[in-house]
Amino acid sequence: MSNIVDPLAAQIAARIRSEREQRRWTLAQVADASGVSRAMINRIERAESSPTAVVLGKLAAAFQVSVSALLTPAEATGVHRMADAKEWHDPATGYRRRQITGPQFPADIAEVHLPPGARVPYPAASLAFQREAVWVLDGRLTFHEGDTVHELDPGDSIEVEGPVACVFANTSDAECRYAIILARVERP
């Protein structure tokens with residue numbers, strides 16, 4: 001968790017608070033479900049701190065929503081202009097993420113820029129109710145699907161079967177740009 005506040009911190013704060021309040025959960029219940037401390041959740045909800053990608057993954061898993069759902073205003077629909085796009089930055093890794101589709105669209109699509117040396121893990125629970133595809137646009141991505149490691153080059157894609165812990169790693173000396181496509185499924 002970083003003390004450097006991301007420009008999207010207020011939007012993320014409102015969305016996380018909304019998800020918690022919709023479920024009538026206390027901070028303690030969210031902490032228990034996510035493995036993120038109450039203090040951290042409280043700081044995020046007050047927009048005092050920007051969560052890392054790992055923390056967002058844990059919160060998304062607890063709420064059974066996508067990470068993108070926590071980064072996107074609930075009312076986002078229609079045309080998404082590049083000029084209006086807000087890019088979220090992970091304060092821990094420099095990972096940058098821009099949402100392509102809104103929350104009402106049946107597939108969740110995001111563009112990610114992963115800097116050299118960055119490594120971003122997501123717990124299996126973050127995919128419990130989703131199918132994931134990853135499509136490398138530029139650079140090289142080392143993608144860990146559980147214990148299996150895939151080296152993906154530009155144009156390569158992978159479909160992830162079922163909930164499994166994933167790690168996105170850039171072991172090269174150039175930025176990697178890829179798209180994440182998530183589709184909601186009824187059962188894990």
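Residues numbered from 1 in each chain as written. Predicted model: local features only at pLDDT ≥ 70, side-chain atom pairs only at ≥ 80, totals over all residues. Heavy atoms only, no water.

Things to note about the sheet that holds strand β9 (residues 166-169)
Moving on, step 1. If you trace the four strands from one edge of the open sheet to the other, you get β4-β9-β6-β7, paired in antiparallel fashion. Strands with a single pairing partner mark the edges of an open sheet, and in this sheet they are β4 (119-122) and β7 (148-152). The average undirected angle you get between the axes of adjacent strands in this sheet is 15°. (Pairing = 2+ DSSP bridges. Helix = DSSP H or I, 4+ residues; strand = E, 2+ residues; numbered from the N terminus. Axes fitted to C-alpha atoms, helices over the stretch in contact; angles between N-to-C directions.)

Focus on the environment of Asp-153
Moving on, step 1. Secondary-structure assignment places Asp-153 in the loop between β7 and β8 (157-160).
Moving on, step 2. Taking the relative accessible area as the measure of exposure, Asp-153 reaches 31% and is therefore partly exposed.
Moving on, step 3. Remark: the alpha-carbon pair of Asp-153 and Asp-138, spanning 15 residues in sequence, is separated by 7.5 Å.
Moving on, step 4. If we ignore the near neighbours within four places in the chain, the residues touching Asp-153 are Val-136, Gly-139 and Arg-140.
Moving on, step 5. A distance of 2.5 Å separates a polar atom in the side chain of Asp-153 from a polar atom in the side chain of Arg-140. (Buried < 20%, exposed > 50% of the residue type's maximum accessible area, 1.4 Å probe, protein only. Contact = heavy atoms within 4.5 Å. Polar contact = N/O pair within 3.5 Å; in protein donor to acceptor, adjacent residues only side chain to side chain.)

Let's talk about the side chain of Asp-90
Moving on, step 1. By the element assignment, Asp-90 lies in the loop between β1 (87-89) and β2 (96-99).
Moving on, step 2. A polar side-chain atom of Asp-90 sits 2.9 Å from the main-chain amide nitrogen of Ala-92.
Moving on, step 3. Those residues in contact with Asp-90 that sit more than four places away from it in its chain are Thr-52, Ala-53 and Tyr-95.

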